[in-house]
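Take a look at the letters that make up each chain.
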Amino acid sequence: MYLARFKYLVKLLVAHGLYAIGVLQLMQRIVLRRRAVVLMYHRVLTEEEMAVTASHPAIVVKRETFAAHMEVLKKRFHVMTVDQFIEHMERKIPFEDSSCLVTFDDGWKDNFTHALPILRRFHIPALVFLPVNFIGSNRFFWQEQLSSLIKRALGAIKHDPMLRNRLTNILAPIELAGLLEIQSYNRDTDSLVNDMVRKDKTIDIALFNDTIKQLTALLNVEPDELLKTDGFMDWGQVKSMTEYGVAFGGHGMEHRILMAMPIAEANQEIHETKKILDTRLGQAVSAFSYPNGDWSPEIAKLVEKAGFRAAFTTEPGHVRCDDDRFTVRRINIYEHDTKTTPLFLARLVGLF
Ligand SMILES: [Zn+2]
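Residues numbered from 1 in each chain as written. Predicted model: local features only at pLDDT ≥ 70, side-chain atom pairs only at ≥ 80, totals over all residues. Heavy atoms only, no water.

1. Side note on the overall build of the protein chain
Across its full length, the protein chain carries 15 helices and ten strands. What you see for the protein chain is a C-alpha radius of gyration of 21 Å, in line with the 20 Å of a compact globule of 352 residues. Taking the principal axes of the C-alpha coordinates as reference, the protein chain spans close to 65 × 50 × 35 Å. Counting the 352 residues in the protein chain, one finds 51% classified as buried. A total accessible area of about 16700 Å² is found for the protein chain, and carbon and sulfur atoms account for 53% of it. Within the protein chain, one finds 44 positive and 43 negative side-chain charges whose respective centroids are separated by 5 Å. (Helix = DSSP H or I, 4+ residues; strand = E, 2+ residues; numbered from the N terminus. Rg over C-alpha atoms; globule rule 2.2 N^0.38 Å. Buried < 20%, exposed > 50% of the residue type's maximum accessible area, 1.4 Å probe, protein only. Areas by Shrake-Rupley, 256 points an atom, 1.4 Å probe, with all protein chains shown as cover. Lys, Arg positive; Asp, Glu negative; His and termini not counted. Charge placed at Lys NZ, Arg CZ, Asp CG, Glu CD.)

Here it is in structure tokens:
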């Protein structure tokens, strides 16, 4: 933990030093010459929401930080719409220097409540990728559900040590029983739970869902309690965002890793996503984002065949107009590494 804090401090000092003497700005001009940077956001939360969310910190930025980011983009970058971005790639027209595209994965409710007013204030177009079956539903991702249930379980054991055995039995099949050894609950254990829950992505999703069901019953939890901060947009909110220049893309039906299912099933997921979004939005959606960032050449081909014009990964890097349109790189933006303008710029130019 101390090492992580020390590393962060070094990063902060380096970024601020380079910014103060103009090196970061120079790097931006050099590395983003005729290139675009695609920013990948997930969630925009208030300070109070950040304290209670079950989402991983790697997908969250604070509302004030997001506003500061948009101000930097407006001032120092050429902000594009998704149509402009795709046009450059399809026709191989070099991007203007320091071009950028703002994207959000998952369609979280906070994109509507917190991000939209800021996007409007700075006149920034954005692209939001929707996992179709979660929009307008009371469902959550298993990651948030499981993290929040385990955090509750840790609290419950304190009051009733008899629960330990039953919780151990429930968590053993997904290899997380070790988390019950945590004695005192604080911010560090919070991130340990977040990391552990998301560690093994290959475990069967049905097994996770079963664990969630058992924990919910044992701890007597109302799903609505989660919905307050960790829910998704509804179709009315999607529609009103389109009226303010926000575009939408596909992110699968069930947000499942496409490579972890038979290819015919993956094909079905991709086609269904396109069909439903086209109908819901009244126009052809052009962009797709691979759930969890996982793609293969075979999956990318299916996305192209389904009629999408571009697809986005989570692999970091900048984009040239002649790069492959179906494996577009993006830079993940989250609070910890982008709190200040120098840190944000350093991340965008690829320094950290
Ligand atoms: Zn996602």
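2. Details of the pairing of strand 1 (residues 36-41)
By the criterion of burial, strand 1 is predominantly enclosed, with six of the six residues buried. Pairing analysis gives six bridges linking strand 1 to strand 5 (residues 99-105), with the strands arranged parallel. When the bridges of strand 5 are listed, leucine 39 appears paired with valine 102. Bridging between strand 1 and strand 10 (residues 331-332) involves two bridges; their strand directions are parallel. Bridging from a neighbouring strand, leucine 39 pairs with isoleucine 331 of strand 10. (Pairing = 2+ DSSP bridges.)

3. Digging into the pattern of salt bridges
For the structure on display, the rule yields 18 salt bridges. Between arginine 43 and aspartate 110 there is a salt bridge whose closest N-O contact spans 2.9 Å. Placement of the pair is arginine 43 in strand 2 (residues 43-45) and aspartate 110 in helix 6 (residues 109-121), with a sequence separation of 67 residues. Like aspartate 110, arginine 43 is buried. (Salt bridge = Lys/Arg side-chain N within 4 Å of Asp/Glu carboxyl O.)

4. Overview of the packing of helix 4 (residues 63-76) against helix 6
For the pair helix 4 and helix 6, interaxial distance at closest approach is 10 Å and the crossing angle is 25 degrees. For the element pair helix 4 / helix 6, the angle class is roughly parallel. By crossing handedness, the relation of helix 4 to helix 6 is classed as right-handed. Seen from helix 4, the contacting residues are Arg63, Phe66, Ala67 and Met70; seen from helix 6, they are His114, Ala115, Ile118, Leu119 and Arg121. (Axes fitted to C-alpha atoms, helices over the stretch in contact; angles between N-to-C directions. Parallel < 35°, antiparallel > 145°, perpendicular 65-115°, else oblique. Left-handed = near helix turned anticlockwise from the far one by under 90°. Contact = heavy atoms within 4.5 Å.)

5. What to know about helix 8 (residues 163-171)
When helix 8 is considered as a whole, its buried residues turn out to be Leu163, Leu167, Ile170 and Leu171. Buried residues of helix 8, viewed axially, fall in a sector of 85 degrees; they line one side. Pointing more than 90 degrees away from the buried face of helix 8 are the exposed residues Asn165 and Asn169. Looking at the buried side of helix 8, the elements it contacts are helix 7 (142-159) and helix 10 (205-219). (Arc of directions from axis to C-beta.)

6. Comments concerning the coordination of the zinc ion
Of the protein atoms, only Asp106 (OD), His251 (NE2) and His255 (NE2) coordinate the zinc ion, at distances of 2.1 to 2.2 Å. Counting gaps between the donor residues of the zinc ion yields the pattern D-x144-H-x3-H. Just as histidine 251 is buried, histidine 255 falls in that class too. (Donors = N, O, S within 2.8 Å, 3.2 Å for Na, K, Ca; no water.)

7. Structural notes on the domain arrangement of the protein chain
The domain architecture assigned to the protein chain consists of domain 1 (26-137 + 234-348) and domain 2 (142-222). With nine residues of domain 1 at the contact, the number on the domain 2 side is eight residues. For the pair domain 1 and domain 2, the summed buried area comes to about 700 Å², and 52% of that belongs to carbon and sulfur atoms. Its largest share of buried area at the contact with domain 2, domain 1 owes to Ala54, His56 and Asn292, together 59% of the area lost on that side. Our enumeration of links across domain 1 and domain 2 arrives at three residue pairs in polar contact (both at pLDDT 80 or more). (Domains from an automatic or database assignment. Buried area = accessible area lost by both parts, 1.4 Å probe. Polar contact = N/O pair within 3.5 Å; in protein donor to acceptor, adjacent residues only side chain to side chain.)

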